[in-house]
Amino acid sequence: MKYLHAMVRVRDLDASLRFFCEGLGLHETRRKDYPEGRFTLVYLGAPANPESEVELTYNYDDEDYGSARNFGHLAFEVDDIYAACAHLQAMGITINRPPRDGHMAFVRSPDLISVELLQKGGRLPPQEPWASMPNTGVW
Ligand SMILES: C[C@@H](O)C(=O)SC[C@H](NC(=O)CC[C@H](N)C(=O)O)C(=O)NCC(=O)O
Ligand code: NI
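Reading the values: rules and limits
Residues numbered from 1 in each chain as written. Chains lettered and ligands numbered in written order. Predicted model: local features only at pLDDT ≥ 70, side-chain atom pairs only at ≥ 80, totals over all residues. Pairing = 2+ DSSP bridges. Helix = DSSP H or I, 4+ residues; strand = E, 2+ residues; numbered from the N terminus. Axes fitted to C-alpha atoms, helices over the stretch in contact; angles between N-to-C directions. Buried ≥ 20, exposed ≤ 12 C-beta atoms within 10 Å, placed from the backbone. Arc of directions from axis to C-beta. Contact = placed C-beta atoms within 7 Å. UniProt positions renumbered as here; feature names shortened; annotations may be inferred.

## Thoughts on the sheet that holds strand E2 (residues 27-34)
So, step 1. Taken in spatial order, the four strands line up as E1-E4-E3-E2 in an open sheet, and their pairing is mixed. Bordering the open sheet on either side are strand E1 (5-10) and E2, each of which pairs with just one other strand. Going from strand to strand, the sheet's axes swing by 20° on average, the running direction of each strand aside.

The structure is reproduced here in structure tokens:
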């Protein structure tokens, strides 16, 4: 058995690629259009393990995807959680759960897919402004 990917449906492919690639640092590994099925699949991989992917499904037609809160989150390990959060914040992305403990942070994609960031090696020393930054209560 080998883990391959997690698939999320996205409403705005460009906004999602900006979040997952420019924001989180994933790279597009391949994509395929299915005009007959009216959708596009885009696969993203992380530099450290590109074989484990996030599959973005872009359906050309609007569809109600509901709330789907049974889906928890996608998790990524980062080299410096403070730098990663500062970069996302500079892009205008809300840090829903700031890394107050130097260990874990949560953001959400344009489609409100929850994304967990975990510090490589465990945790960093507490650092302002993150140590005293309130969370949004939703991630
Ligand atoms: C190639 C492989 O990684 C896939 O996941 S293709 C699976 C296929 N996807 C679609 O048909 C995408 C368009 C569809 N409208 C959708 O939103 O899923 C599929 O069987 N999807 C059904 C599913 O539940 O994933
Ligand atoms: Ni798939």
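## Some words on helix H2 (residues 81-90)
So, step 1. Within H2, the full set of buried residues consists of Ile81, Tyr82, Ala84, Cys85 and Leu88. In a view along the axis of H2, the buried residues occupy a sector of 160°, so they form one face of it. Of the residues in H2, the exposed ones pointing more than 90 degrees away from the buried face are Ala83 and Ala90.
So, step 2. Residues of H2 that are buried sit in contact with helix H1 (13-23), strand E5 (74-78), strand E6 (104-108) and strand E7 (114-119).
So, step 3. Once H2 finishes, Gly92 follows within two positions and takes phi at roughly 90°, a positive value.

## Re the sheet that holds E7
So, step 1. The strand order E5-E7-E6 describes an open sheet built from three strands, whose pairing is mixed. Taken across any chain shown, the strands that pair with only one partner, and hence form the sheet edges, are E5 and E6. For this sheet the average axis-to-axis angle between neighbouring strands, irrespective of direction, equals 25°.
So, step 2. Pairing analysis gives five bridges linking E5 to E7, with the strands arranged parallel. Of the residues in E7, the one forming a bridge with Val78 is Gln119.

## Quick word on the UniProt feature "domain: VOC" (unreviewed entry) in the chain
So, step 1. Mapped onto this structure's residue numbering, the UniProt feature "domain: VOC" (unreviewed entry) falls at residues 2-120.
So, step 2. Strand forms 41% of residues 2-120 and helix 18%; the C-alpha atoms that close the span are 23 Å apart.

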